[in-house]
Amino acid sequence: MKHTALTDLHMALGAKMVPFAGFNMPVQYSGINDEHETVRNNVGVFDVSHMGEFILKGDHALDLVQKISSNDASKLHDGKVQYAYMPNEMGGIIDDFLVYRIDEKTYLLVVNASNIQKDWDWISQHNTFGVTLKNISDETSLLAVQGPKATEALTSLTEIDLPTMEYYTFAKGKFAGVENVLVSATGYTGAGGFEVYVANKDAKTVWGAIFEAGAPYGIKPIGLGARDTLRLEMGFCLYGNDIDDTTSPLEAGLGWVTKFSKDFVNAEGLKKQKETGPQHKLVGFEMVDRGIPRHGYTIVDADGHPIGHVTSGTQSPTLKKSIGLGYVPIAYAKEGTEIYIDIRNSNVKAVVVKPPFVK
């Protein structure tokens, strides 16, 4: 298993460590519910250094991004971030990722930990433009400082104007005394906050400074368990659960980042699917009766006939009720439709709702 630059620190803090995407990662410290509420109400810090980072540089860097990305990166300006996915040739999704425009000829792509090698190979395969590629994943640490008090907690650490930083933008500057730190406002929790990209050698310094500055705001370390419950309350997809190599991005609700105004891998195939109309849809649902839906559970109709499957599910710490995501036929995708989850051979009632679950 791989380790992040902060693994020994997590263990010293008493974190429960688990294997995740080939890394030894903290799943929880004080408990998932406590950590979840810390991020919703105050501020918490995730070590997400397992994520992958690629630099694309050269005269035709944009051309390569446009080829492999579903979204239109020509709309980006320096300091702007974009969410996108990489379509495969079969109508599925290689990965979902972020595109950062550093300058006209330089882009940073942030990809999922489980897909680093797959994504690297895919991008390299399509690099017919002579773009210089650099995989900086193994030398980069990434801290996500999330919560409504994140701005107050971090402002004293940097000259970057955090209070005015807009969603899906970034800036580079001095942070906690370290030069050339990239700070962005993308977030995966819906609670606001920032992502801090630093070299591994500076990770402990920055972590320590963040916790010192955040102490008056009740800052805590947060594990991957709460990261999952927080993102699910917002209805955000998790690669490997809700989307993968076999799922249609249009059925997954990613039509908003599918721009047919440009050419990209399998654009024609996806265009035909859009014209025909997706047969299934990824929907949110809340449990009406008691029971926690889990990944892989079967979704059935009122007569017990299988109609789909759960991709993500949990007991929402904020709502105090069970919620989930799953694929169902279009006929069952309308808000308010009753569906049933097969939980240990009992059909437990749920109702389709429109995410985010927590407004």
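Below is a summary of the structure that appears in this document. (Residues numbered from 1 in each chain as written. Predicted model: local features only at pLDDT ≥ 70, side-chain atom pairs only at ≥ 80, totals over all residues. Heavy atoms only, no water.)

## Re the overall build of the protein chain
What counts, and what does not: Working definition: helices are DSSP H or I runs of at least four residues, strands are E runs of at least two. Numbering for both runs from the N terminus. The contact definition used throughout considers only heavy atoms, calling two residues in contact when any of these lie within 4.5 Å. Residue exposure ignores everything except the shown protein chains as possible cover, and the areas themselves are Shrake-Rupley values with a 1.4 Å probe.
Counting its regular elements, the protein chain contains eight helices and 19 strands. With respect to the principal axes defined by its C-alpha atoms, the protein chain has extents near 65 × 50 × 40 Å. Within the protein chain, contacts between residues separated by at least 24 positions form 65% of all contacts whose residues are at least 6 apart in sequence. Counting every atom, the protein chain has about 15500 Å² of accessible surface; 51% of that belongs to carbon and sulfur.

## Some remarks on the sheet that holds strand 10 (residues 170–175)
For clarity, the cut-off: Any two strands between which DSSP finds at least two bridges are classified as paired. The axes are straight lines fitted to the C-alpha atoms, using for helices just the contacting stretch, and the angles between their N-to-C directions are given from 0 to 180°.
Spatially, the six strands line up as an open sheet ordered 10-11-12-9-3-13, and their pairing is mixed. Each edge of the open sheet carries a strand with a single partner, namely strand 10 and strand 13 (220–222). For this sheet, the mean angle separating the axes of adjacent strands, direction not counted, is 30°. Where strand 10 and strand 11 (residues 178–184) come together, five bridges link them in antiparallel fashion. Residue Ala-171 lies in a different strand from strand 11, and its bridge partner there is Val-183.

## Comments concerning the pairing of strand 9 (residues 140–146)
So the rule is basically this: Buried, partly exposed and exposed residues are distinguished by accessible area as a fraction of the type maximum, computed with a 1.4 Å probe on protein chains only: under 20%, between the cut-offs, and over 50%, respectively.
Of all the seven residues making up strand 9, seven are buried; the element is thus mostly covered by neighbouring parts of the structure. Taking every second residue as pointing to the same face, both faces of strand 9 are buried, with Thr-140, Leu-142, Ala-144 and Gln-146 on one and Ser-141, Leu-143 and Val-145 on the other. Here strand 3 (residues 44–47) runs beside strand 9; their pairing, made up of four bridges, is antiparallel. Residue Phe-46 lies in a different strand from strand 9, and its bridge partner there is Ala-144. Judged from the seven bridges that link them, strand 9 and strand 12 (residues 193–199) form a sheet pairing that is antiparallel. From the neighbouring strand, Thr-140 faces strand 12, where its bridge partner is Ala-199.

## Looking at the pattern of salt bridges
Applicable threshold: For this document, the term salt bridge refers to a Lys or Arg side-chain nitrogen within 4 Å of an Asp or Glu carboxyl oxygen.
Tallying each qualifying case throughout the model produces 16 salt bridges. Among the ionic pairs, Lys-201 bridges to Asp-202, the shortest N-O distance being 3.2 Å. Note that Arg-231 and Asp-228 form a salt bridge whose closest N and O atoms lie 2.9 Å from each other. Note that Arg-231 and Asp-228 are positioned in helix 7 (residues 224–233) at a spacing of three residues, about one turn of the helix. Taken together, the shared-partner salt bridges in this structure form one network comprising Asp-228, Arg-231 and Asp-242.

## Regarding the packing of helix 2 (residues 32–41) against helix 7
Rules: An angle counts as roughly parallel when it lies under 35 degrees, as roughly antiparallel when it exceeds 145, as roughly perpendicular when it falls between 65 and 115, and as oblique in every other case. Take the far helix as the reference: if the near one is turned anticlockwise from it by less than a right angle, the crossing is left-handed, and if turned clockwise, right-handed. Charged residues are taken to be Asp, Glu, Lys and Arg, nonpolar residues to be Ala, Val, Leu, Ile, Met, Phe, Trp, Tyr, Cys and Pro, and polar residues to be all remaining types, Gly included.
Relative orientation of the contacting elements helix 2 and helix 7 amounts to 55°, with a least axis distance of 8 Å. The angle between helix 2 and helix 7 places the two elements in the oblique class. As helix 2 runs across helix 7, the sense of the crossing is right-handed. Judged by residue contacts, Ile-32, Glu-35, His-36, Val-39 and Arg-40 of helix 2 engage Gly-225, Ala-226, Thr-229, Leu-230 and Glu-233 from helix 7. Among the residues forming the contact of helix 2 with helix 7, the class breakdown is four nonpolar, three polar and three charged.

## Some thoughts on the packing of aromatic side chains
Defined as follows: Note on aromatic pairs: the rings of Phe, Tyr and Trp (six-membered ring only in Trp) are paired at centre separations within 6.5 Å, and the planes decide the class, stacked below 30 degrees, edge-to-face beyond 60, tilted for the rest.
Going through the model one piece at a time under the given rule, you end up with eight aromatic pairs. Geometrically, the ring pair formed by Tyr-83 and Trp-256 is stacked, given 5.9 Å between the ring centres and 15° between the ring planes. One end of the pair, Tyr-83, is in strand 5 (residues 81–87); the other, Trp-256, is in the loop between helix 7 and helix 8 (267–276), and 173 residues separate them in sequence. Under the relative-accessibility criterion, Tyr-83 is labelled buried at 16%. With 6.0 Å between their ring centres and 15° between their planes, Tyr-188 and Phe-236 make a pair best called stacked. With Tyr-188 in the loop between strand 11 and strand 12 and Phe-236 in the loop between helix 7 and helix 8, this residue pair connects regions lying 48 residues apart in the sequence. When its relative accessible area of 26% is taken as the criterion, Phe-236 is described as partly exposed. What links up through ring pairs into an aromatic cluster is the set Tyr-100, Phe-170 and Tyr-197.

## A look at the sheet that holds strand 7 (residues 106–111)
The strands that make up a sheet pair up through hydrogen bonds in the backbone, lying either parallel or antiparallel. Strand order in the open sheet made by the five strands is 5-6-7-4-8, with antiparallel pairing throughout. Edge positions in the sheet fall to strand 5 and strand 8 (132–135), since each of these pairs with one other strand and no more. Between one strand axis and the next, the sheet turns through 25° on average, direction left out of account. Direction of pairing for strand 4 (residues 52–57) relative to strand 8: antiparallel, over a ladder of four bridges. Across the sheet, the residue bridging to Lys-57 is Thr-132, located in strand 8. Set on the sheet, helix 3 (residues 61–68) makes contact with strand 4, strand 5, strand 6 (93–103), strand 7 and strand 8; between it and strand 7 the angle comes to about 30°.

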